[in-house]
Amino acid sequence: MLVNTVAPQADRTATDSRLVLAIVSVGVLLSSLDLFIVNVALPDMARDFGNAELAGLSWVLNAYAIVFAALLVPAGRLGDRGSNRTTFLLGLAVFVLGSALCAAAWNVAALVAFRVLQAVGGAMLTPSSLGLVLTATPPERRATAVRLWVAFGGLGAALGPVLGGLLVEIDWRWVFLVNVPIGLAALVVGLRRLPDPRGDGGALPDLFGAVALVGAIASLVLGLVKGEDWGWASPQTLGAFAAAVVFGVTFGVSSARHHSPVVDPGLLRAPNFALMAANSVLFQVAFAGMLLSVVLWAQNVWGWSALRTGLAIAPGPLVVPVVAVLAGRLIGRVGAGPVIAAGGVAFAAGMVWWARAIELAPDYLTGLLPGMVVSGLGVGLTLPTAFAAGTSGLPPQRFATGSAVLSMARQIGLAVGVAVLVAVLGSPTDPVALLDAFRRGWYVVAAVALAAGVVGLGVRMPRPAVHTAPETSAAART
């Protein structure tokens, strides 16, 4: 009788965990996609808004990145203390509404404002989605679930230029409209099928600290984004960095003293957590530099259209989910640290290939394509494995908050990566100097990727914790 009662329950739980992963991955894919899909649409937006300057339009990108990064941690804490289900569904609804309003924007200011609304929704749904996945998944399959969750986010980020190029051929507003039907479908299914695990019921997070965190990240990103225009030693840039330091110190002091801090200092003492946060920053610096450089090179130097550029990038992102799944088997044999290190080496190798093979004359098959595929291999090995290692030691009631901190580290890395690439490229005046500048940029990106791999070697975790199949774990226990 006991066997007959337990077996169906186990089957139902397994089915539910897969369904939860499928539902929340849609939201994660959309929110991650929107970090990058807009890039290729900026020229069309400029023409539609009366030849608006790209300097002003850049805030369509910057506002989303800043708000998304700054609100991830507070949103994760709110999900932990209340209901990750409610936080996820509300965030998805806000994101869909923001997307629809972006498509209807009548000028640049309205578009920037609606992008902020989009970012608020994305920040709410991202950490709560992982909290739902980890709660619904049996412990022996959590590492695999995390790798798949991260793979969807990475796929959305990398596929942004691809889908953006396709949609811009119709109209730039479709880069936002495409989110609406997909998001609504996920919302309807989620309302019916997502579980509602009880939160820890703690106090509200430190609101003053949350404001300070927003100020710190916004000031830092502002200085990085505008440093090239203002001058890195200008009063404006130095003032932005000084404000980031002041806000950051304020946030640290508030977190240390408040009874319910936005970021619990105990998170940094969890196994591998601080190490993987550092890896996330470094690897995303490299990822952002790679993605921006290939778009700029293909469109501005080779003269390719947005559509052709997006399709040329596609092979790299398509490698990511396949490698992410296969990486689980490799982790079981050699451990998470060597896999993360191998990912950094592979990504760096792709960038070195570009630096050595790409010339001023367009050459896709032997120039751009090999580096794109190898860098995709590095993303698939690194991102899911690092996230799984970073969250493996977190208590269940801190899943959403911990994932939010790691996601915030990734967004900060993206902003830094764009700024570093722009600074390295400079303003070359002739084709030869332009080629030299991009080669310098690719070598710098490769160096940062290698540094991320070195950090990954420090991971220490028992191999059974990252086995991908229940039967493997059972065999290990016997």
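What you see is a predicted model; the values in this text were computed from it and never measured.

Brief notes about the pattern of salt bridges
Thought 1: As enumerated under the stated definition, the model contains 2 salt bridges in all.
Thought 2: Among the salt bridges present, the one from arginine 173 reaches aspartate 48, with a minimum N-O distance of 3.2 Å. Here aspartate 48 lies in helix α2 (residues 42-48) and arginine 173 lies in the loop between α6 (142-168) and α7 (174-177), a separation of 125 residues in the sequence.

Topic: the packing of aromatic side chains
Thought 1: Under the definition given, this model contains 12 aromatic pairs.
Thought 2: Aromatic side chains tryptophan 354 and tryptophan 442 sit 5.7 Å apart centroid to centroid with 65 degrees between the ring planes, which places their arrangement in the edge-to-face category. Here tryptophan 354, found in helix α14 (residues 336-357), pairs with tryptophan 442, found in helix α17 (residues 431-456); they are 88 residues apart in sequence, far enough to count as distant. For the residue pair tryptophan 354 and tryptophan 442, the accessibility class agrees, reading buried in each case.

Digging into the confidence of the model for the protein chain
Where the model shows low pLDDT, its predicted coordinates should not be examined in detail.
Thought 1: Taken over all residues, the pLDDT of the protein chain has a mean of 79, while the share at 70 or more is 86%.
Thought 2: Contacts of residues 1-15 to residues separated by more than four positions or lying in other chains number 3 contacts, the stretch itself having pLDDT below 50.
Thought 3: Low pLDDT, under 50, characterises residues 463-478; the stretch is placed with 25 contacts to residues that sit more than four places away or in other chains.

Observations concerning the packing of helix α4 (residues 84-103) against helix α8 (residues 179-193)
Thought 1: Axis separation between α4 and α8 bottoms out at 9 Å; the angle between their running directions is 160 degrees. Considered as vectors, α4 and α8 are oriented roughly antiparallel to each other. Judged by the sense of rotation from one axis to the other, the crossing of α4 with α8 is left-handed. Residues Arg85, Leu89, Leu92, Ala93, Phe95, Val96, Ser99 and Ala100 of α4 touch α8, and the partners they reach there are Asn179, Val180, Gly183, Leu184, Ala186, Leu187, Gly190 and Leu191.
Thought 2: When its residues are assigned to classes, the contact of α4 with α8 shows 11 nonpolar, 4 polar and 1 charged.

A word on the packing of helix α13 (residues 315-334) against α14
Thought 1: Contact geometry for α13 and α14: axes closest at 7 Å, N-to-C directions at 125 degrees. Judged by the angle between their axes, α13 and α14 are oblique. Residues Ala327, Leu330, Ile331 and Val334 of α13 form the contact with α14, whose own contacting residues are Ala336, Pro338 and Val339.
Thought 2: Here the residues of the contact of α13 with α14 sort into 7 nonpolar, no polar and no charged.

Structural notes on the side chain of asparagine 179
Thought 1: Within the secondary structure, asparagine 179 sits in helix α8.
Thought 2: Leaving out residues up to four positions away in the same chain, asparagine 179 has contacts with Leu30, Asp34, Phe95, Val96, Ser99 and Gln118.

Structural notes on the environment of arginine 440
Thought 1: On the secondary structure map, arginine 440 appears in helix α17.
Thought 2: Note on arginine 440: relative accessible area 43%, which makes it partly exposed.
Thought 3: A C-alpha to C-alpha distance of 9.2 Å links arginine 440 and leucine 421, two positions 19 residues apart in sequence.
Thought 4: In contact with arginine 440, not counting residues within four places along its chain, are Val424 and Leu425.

Comments concerning helix α10 (residues 235-257)
Thought 1: Helix length check: α10 (23 residues) gives 33 Å between terminal C-alpha atoms against 33 Å at 1.5 Å per residue, within 8%.
Thought 2: Among the residues making up α10, those that are buried are Thr237, Ala240, Ala244, Phe251, Ser254 and Ser255.

Comments concerning the nonpolar core
Thought 1: Counting 70 residues, the largest nonpolar core has Met45, Leu111, Phe176, Phe347 and Trp354 as its most contacted members.
Thought 2: Broken down by element, this core gets its largest block of residues, 12 residues, from helix α11 (residues 273-301).
Thought 3: If we skip the residues at most four places from it in the chain, methionine 45 touches Val38, Leu57, Leu111, Trp172 and Phe176.
Thought 4: One finds Leu213, Ile217, Val263 and Leu267 within the second-largest nonpolar core, a separate group that totals 65 residues.

Rules behind the numbers
- Residues numbered from 1 in each chain as written.
- Predicted model: local features only at pLDDT ≥ 70, side-chain atom pairs only at ≥ 80, totals over all residues.
- Heavy atoms only, no water.
- Salt bridge = Lys/Arg side-chain N within 4 Å of Asp/Glu carboxyl O.
- Helix = DSSP H or I, 4+ residues; strand = E, 2+ residues; numbered from the N terminus.
- Phe/Tyr/Trp six-rings, centres within 6.5 Å; stacked < 30°, edge-to-face > 60°.
- Buried < 20%, exposed > 50% of the residue type's maximum accessible area, 1.4 Å probe, protein only.
- pLDDT = per-residue confidence, 0-100.
- Contact = heavy atoms within 4.5 Å.
- Axes fitted to C-alpha atoms, helices over the stretch in contact; angles between N-to-C directions.
- Parallel < 35°, antiparallel > 145°, perpendicular 65-115°, else oblique.
- Left-handed = near helix turned anticlockwise from the far one by under 90°.
- Nonpolar A, V, L, I, M, F, W, Y, C, P; charged D, E, K, R; others polar.
- Expected span 1.5 Å × (residues − 1).
- Core = buried A, V, L, I, M, F, W, Y, C linked by side-chain atoms within 4.5 Å.

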